[in-house]
Each structure stands twice: as C-alpha cells, then as structure tokens.
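Inside the fold
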Amino acid sequence: GLECSISQILSQGYFHADPHRGNLIRTREGKLGYLDFGLMATVDERKRNAIVAAAVGLQNQEWGVLAENMQIMGFFPAGADVSEYVE
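Per chain, residue numbering runs from 1 following the sequence as it is written. Residue-level local features of this predicted model are given only where pLDDT is at least 70; pairs of side-chain atoms are given and counted only at 80 or more, and the full residue set underlies all totals for whole chains, interfaces and linings. Side-chain numbers here rest on the full set of heavy atoms in the structure, without hydrogens or water.

1. Some words on the confidence of the model for the protein chain
- Per-residue confidence from the predictor is given as pLDDT, running between 0 and 100. When pLDDT is averaged across the protein chain, the result is 88; 99% of the residues are at 70 or more.
- Strand β3 (residues 32–34) is the least confidently modelled element of the protein chain, averaging 82 in pLDDT, while helix α3 (residues 63–72) averages 95, the highest of any element. Numbering of helices and strands runs from the N terminus; a helix is a DSSP stretch of H or I covering at least four residues, while a strand is a stretch of E covering at least two.

2. Quick word on a nonpolar patch on the surface
- On the surface, a nonpolar cluster with roughly 490 Å² of combined accessible area is contributed by Leu2, Ile6, Leu10, Ile51, Val52 and Val56.
- Those elements that provide at least two residues to the nonpolar patch are α1 (2–12) and α2 (45–59).
- On the secondary structure map, Ile6 appears in helix α1.
- Each residue gets one of three labels from its accessible area relative to the maximum for its type: buried under 20%, exposed over 50%, partly exposed in between, using a 1.4 Å probe on protein chains only. We classify Ile6 as partly exposed; its relative accessible area is 42%. Residues enter a patch when their relative accessible area is above 30% and they make no salt bridge; the linking distance is 9 Å between like charges and 5 Å between nonpolar side chains (Val, Leu, Ile, Met, Phe, Trp, Tyr). For the area figures, the Shrake-Rupley method with a 1.4 Å probe applies, and any residue is considered shielded solely by the protein chains shown. By convention in these notes, a salt bridge is any Lys or Arg side-chain nitrogen within 4 Å of a carboxyl oxygen on Asp or Glu.

3. Regarding the side chain of Asn23
- Among the secondary structure elements, Asn23 is positioned in the loop between β1 (14–16) and β2 (24–26).
- Using a relative accessible area of 5% as the deciding quantity, one classes Asn23 as buried.
- Excluding residues within four positions of it along the chain, Asn23 makes contact with His16, Asp18, Gly33, Tyr34, Leu35 and Asp36. Between two residues, a contact is recorded if the distance between any of their heavy atoms is within 4.5 Å.

4. Here's the deal with the packing of α1 against α2
- Interaxial angles span 0 to 180 degrees and are taken between N-to-C directions of axes, which are lines fitted to C-alpha atoms, for helices over the stretch in contact. It is at 8 Å that the axes of α1 and α2 come closest, and there the two elements cross at 125°. As the angle between them shows, α1 and α2 are arranged oblique. Listed contacts from α2 to Ile9, Leu10, Ser11 and Gln12 of α1 are Arg48, Ile51 and Val52.
- Residues are grouped as follows: Ala, Val, Leu, Ile, Met, Phe, Trp, Tyr, Cys and Pro are nonpolar; Asp, Glu, Lys and Arg are charged; every other residue, Gly included, is polar. A breakdown of the residues in the contact of α1 with α2 according to their chemical character gives four nonpolar, two polar and one charged. Oblique is the label for any angle not covered by the other classes, which are roughly parallel (under 35 degrees), roughly antiparallel (over 145) and roughly perpendicular (65 to 115).

Structure (structure tokens):
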C-alpha cells in the first residue's frame, strides 16, 4: 500500500489523503483499489519534485533545502524569508 501511494504521488501526481485499511481493497487481479474518494488531490510536477528534494534535504540535514522546498509545497507563504527557520 505504501509503495503504491508513494508511486501515485510522485509518478502520476495523484494523492489519496486517507489510505487506511478500510479505504483499500485488493482486486481479484491482485491490484490495489481505493475506496472513499472524499479526500483526494492532485500534486503538480513542481511540488512532486519539492517533495523529493525536501526528503533529501531532511536526510542530509540540509535545513535550508528542506525549508525552501517546504515553501514550494505551500507550507510557507511565497516570498517569505524561510532563513529564520534554519539554524
């Protein structure tokens, strides 16, 4: 389920915000199917790239990279000085 969700976000830009056991079903063909389409969104390519870059920044403890990409994802207002969040 996790691999499928990550693949959908990063490859297709599709996001299901509530992928728990009650919202997933295995089809007869062995594929993963989603139920409950109330919490869905799409993620544009720029934000998908920012998700990957933020994860790399977090792994490498590059807080400036993390903050800049969090801004691209919308966690900080565009144009805000994110350097105040970086030590």
